[in-house]
2 protein chains.
Amino acid sequence: MAQTDDIPIVAVDGGGTSCRFALLHAGRRHEAKLGGANVMTDCDRAIRTIRDGISGLAAEAGLGETGLARAVAYLGLAGVRSEDLARRVAGALAVGKVLVEDDRPSTVVAAFGSGDGTVAGIGTGSFVARQREGAISALGGWGFHLGDEASGAWLGRLALARCLHAIDGICAPSPLTDSLLAEFGDRPDRMMEFARDARPAEFGRFAPRVIEAAAAGDANGRVLMQRGADYIMDAARALGWQPGEALCLAGGIGPHYREYLPAEAAGAVTAPRGSTLDGALELAGRLAAGALEPMR
Amino acid sequence: MAQTDDIPIVAVDGGGTSCRFALLHAGRRHEAKLGGANVMTDCDRAIRTIRDGISGLAAEAGLGETGLARAVAYLGLAGVRSEDLARRVAGALAVGKVLVEDDRPSTVVAAFGSGDGTVAGIGTGSFVARQREGAISALGGWGFHLGDEASGAWLGRLALARCLHAIDGICAPSPLTDSLLAEFGDRPDRMMEFARDARPAEFGRFAPRVIEAAAAGDANGRVLMQRGADYIMDAARALGWQPGEALCLAGGIGPHYREYLPAEAAGAVTAPRGSTLDGALELAGRLAAGALEPMR
């Protein structure tokens, strides 16, 4: 283990809304945060963001090219669901050893270390994972267009769709739908144009409005939050979660679902042990120590 | 009225999957059918299709440029929900008088002439409209990204999402989800990539599979058809439809929902008097006769 002490360790926690970086070197921890890195919807852009983040921290830490070439990096990136995509990102980095995975392992490690429990990782996208005796099973995370239920992008899109139902008289309008419509100049055609071109993170920008409105009792906001909470429960149960087992709500959106869960689940909610970036850093440490296999 | 008899009359019925054309000239009716014309998702391409269709029919009818310049055209195009978009299409046509609207008026006229009733126009996209004493009220038709519930594109996308739920154990798999997954080589990541880039008509290509599977008793197919039928009922009721009033299921997908409607609605279902192209032709005749105002 002594040998690994002078190896610079890099961790990346990449999501649709923001991308966080940590570098451990010479006993110091450097951190940075940049914009979203959605590998699934815009891989080239995501790679640029990741390279910028890593080279920025390396400069701050006084690491030159040769220093980075000795480093070990673990990247937990939302949306990396194919080996090809992971290899493409890994291949673009000037770091010695690299492992690129989706953000499930880092979220699970952040939530429970190596302990048991079920975690719903709900940010711009979403997934649910369960750790049981060291083995992880997971579901969801299929991306904005077919899945990512309960996510920020999903909440934002449903809120806009709900505005159109309110116009149509299919549901009653509320302060939430009124204010969202007003943002488009009360022009639903502008909302349609926005939706045609918007990326997941752009839909996700409306999610905090849904969360706040629901907390203030807005009927439409509560319907949407309840629908997201129902999905989390369906997913947790499909993975085998049972009352009494820890349930962690992670990510920027996850914790807000707590009050919409049934009592047996709300009572089981635990705070994560650390951030997802901490989880990625722990995995980078395992990679440096040889407990995980790098991709190159 | 005698004066209008030698004016060539053009009608266009444009949807996401196909675009149909009719031209009445010198006592003959010419017809043509081309691929989809989705003005909302790809306006330039839609305009090219529409120009090709009209010039093809004009050539067949022996109409030169001067002949077309005397013609009157009515276009009912799915997705034309803004004045700007309609004017852009109208401005691109070398026809004397033009009126471009969405496909609601032509669908209502096709269903009921000037009589009373509620019509669900369900093709690649969807809307619901009600005619009452000559006045039309309508809802839906907000496009693939935020609406078009019950449409072919909506059914196709939900069917793919259902496959991912089956993989996740959130619902049970069925012949429908098995066969759709097999089409992507049992590689859900390929399905995700398809969904990221697919246009509405590409999702809509899976709709006939959902309809057939549901008719054969497939549990997942039936859930999706029921959800679409529930939307149609919510929409019809929001417009004021009541048992006893005619309910017309139009478009390529519409008629298939009949058996999923509650008895009071299924019993009220009537066949449309003519096709949507016939409806557009009737509106083109009204335009030629001066009963409708052209855009230019």
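Residues numbered from 1 in each chain as written. Chains lettered and ligands numbered in written order. Predicted model: local features only at pLDDT ≥ 70, side-chain atom pairs only at ≥ 80, totals over all residues. Heavy atoms only, no water.

### A short note on helix 3 (residues 83-91) of chain B
All names here are of chain B.
- What helix 3 keeps buried is the set Leu-85, Ala-86, Val-89 and Ala-90. Angular distribution of buried residues about the axis of helix 3 spans 135 degrees; they occupy a single face of the element. Exposed residues lying more than 90 degrees from the buried face of helix 3 are Asp-84 and Gly-91.
- Buried residues along helix 3 sit against helix 1 (43-60), strand 4 (72-77) and strand 5 (97-101). (Buried < 20%, exposed > 50% of the residue type's maximum accessible area, 1.4 Å probe, protein only. Helix = DSSP H or I, 4+ residues; strand = E, 2+ residues; numbered from the N terminus. Arc of directions from axis to C-beta. Contact = heavy atoms within 4.5 Å.)

### Re the side chain of Asp168(A)
- Looking at the secondary structure, you find Asp168(A) in helix 5 (residues 152-168).
- Given the relative accessible area of 10%, Asp168(A) is considered buried.
- Excluding residues within four positions of it along the chain, Asp168(A) makes contact with Leu139(B), Gly140(B), Trp142(B) and Ala238(B).

### So, the domain arrangement of chain A
All names here are of chain A.
- What the domain assignment reports for chain A is domain 1 (2-107 + 275-288) and domain 2 (114-272).
- Inter-centroid distance (C-alpha atoms) of domain 1 to domain 2 is 27 Å.
- The partner domain 2 presents 15 residues to the ten residues of domain 1 that form the contact.
- At the boundary of domain 1 with domain 2, total buried surface from both sides reaches about 1000 Å², with 58% on carbon and sulfur atoms.
- At the junction of domain 1 and domain 2, the tally comes to zero salt bridges.
- Our enumeration of links across domain 1 and domain 2 arrives at two residue pairs in polar contact (both at pLDDT 80 or more).
- Ranked by the residues each element gives to the side of domain 1 that touches domain 2, the list is headed by helix 4 (residues 104-112), at three residues. (Domains from an automatic or database assignment. Buried area = accessible area lost by both parts, 1.4 Å probe. Salt bridge = Lys/Arg side-chain N within 4 Å of Asp/Glu carboxyl O. Polar contact = N/O pair within 3.5 Å; in protein donor to acceptor, adjacent residues only side chain to side chain.)

### Considering the sheet that holds strand 2 (residues 18-25) of chain B
Residue and element names in this part refer to chain B.
- As summarised here, the arrangement of the five strands in space is 3-2-1-4-5, forming an open sheet in which the pairing is mixed. The open sheet is flanked by strand 3 (28-35) and strand 5, the only strands paired with a single partner. Recorded for the sheet is a direction-independent mean angle of 10 degrees between the axes of neighbouring strands.
- Both strand 1 (residues 9-14) and strand 2 contribute to a ladder of six bridges, which runs antiparallel. Looking at strand 2, one finds that Ile-9 is bridged to Leu-24.
- On top of the sheet, helix 12 (residues 276-288) reaches strand 1, strand 2, strand 3, strand 4 and strand 5; it is set at about 140 degrees to strand 1, its chief contact. (Pairing = 2+ DSSP bridges. Axes fitted to C-alpha atoms, helices over the stretch in contact; angles between N-to-C directions.)

### Some thoughts on the state of the cysteines
Residue and element names in this part refer to chain A.
- Inspection of the entire model under this criterion finds zero disulfides over all chains.
- Of the cysteine sulfurs around Cys-19, a residue in no disulfide, the closest is that of Cys-43, at 12 Å.
- According to the relative accessible area criterion, Cys-19 is buried, its value standing at 0%. (Disulfide = S-S within 2.5 Å.)

### Brief notes about the pairing of strand 4 of chain B
All names here are of chain B.
- Most of strand 4 is tucked away: six of the six residues are buried.
- Of the two faces of strand 4, the one holding Val-72, Tyr-74 and Gly-76 and the one holding Ala-73, Leu-75 and Leu-77 are both buried throughout.
- Looking at chain direction, strand 1 and strand 4 are connected through six bridges and run parallel. Within strand 4, the residue paired with Ala-11 across the bridge is Tyr-74.
- As defined by bridge partners, strand 4 adjoins strand 5 across five bridges and the pair is classed as parallel. The partner of Ala-73 across the bridge, within strand 5, is Val-98.
- Handedness of the crossover joining strand 4 and strand 5 through helix 3 is recorded here as right-handed. (Right-handed = clockwise from strand over helix to strand, strands pointing away.)

### Digging into the interface of chain B and chain A
- On the side of chain A, 33 residues touch chain B, which itself brings 33 residues to the contact.
- Taken over both partners, the interface formed by chain B and chain A buries close to 2900 Å², and the fraction arising from carbon and sulfur atoms is 70%.
- The largest per-residue losses of area from chain B upon contact with chain A belong to Trp142(B), Leu146(B) and Met192(B), which jointly make up 28% of the total buried on that side.
- Taken together, chain B and chain A are joined by zero salt bridges.
- Counting across the chain B and chain A interface gives six residue pairs in polar contact (both at pLDDT 80 or more).
- Here the side of chain B that touches chain A is composed, by residue class, of 17 nonpolar, eight polar and eight charged. (Nonpolar A, V, L, I, M, F, W, Y, C, P; charged D, E, K, R; others polar.)

### Some words on the pattern of salt bridges
All names here are of chain A.
- On inspection of all chains with the given rule, the structure shows 29 salt bridges over all chains.
- The partner of Glu-245 in a salt bridge is Arg-130, and the shortest N-O contact between them spans 2.6 Å. Taken as a pair, Glu-245 in the loop between helix 10 (219-238) and strand 9 (247-250) and Arg-130 in strand 7 (residues 126-132) lie far apart in primary sequence, 115 residues in all.
- Arg-130 sits in the buried class, given a relative accessible area of 13%.
- A single salt-bridge network, built from bridges that share partners, covers Arg-20, Arg-29, Glu-31 and Asp-278.

### Description of the packing of helix 6 (residues 175-183) of chain B against helix 9 (residues 207-215) of chain B
All names here are of chain B.
- Where helix 6 meets helix 9, the axes come as close as 10 Å, and the angle between the chain directions of the two elements is 155 degrees. The angle between helix 6 and helix 9 falls in the class roughly antiparallel. Here the hand of the crossing between helix 6 and helix 9 comes out right-handed. Residue-level inspection shows Leu-176, Ser-179, Leu-180 and Glu-183 of helix 6 in contact with helix 9, the latter providing Arg-209, Val-210 and Ala-213. (Parallel < 35°, antiparallel > 145°, perpendicular 65-115°, else oblique. Left-handed = near helix turned anticlockwise from the far one by under 90°.)

### A word on the environment of Thr49(B)
All names here are of chain B.
- Assignment of secondary structure puts Thr-49 in helix 1.
- Overall, Thr-49 belongs to the buried group, its relative accessible area being 15%.
- Distance from Thr-49 to Glu-149, taken between C-alpha atoms, is 26 Å for residues 100 residues apart in sequence.
- If sequence neighbours within four positions are ignored, Thr-49 has contacts with Cys-19, Phe-21, Leu-34, Gly-35 and Gly-36.

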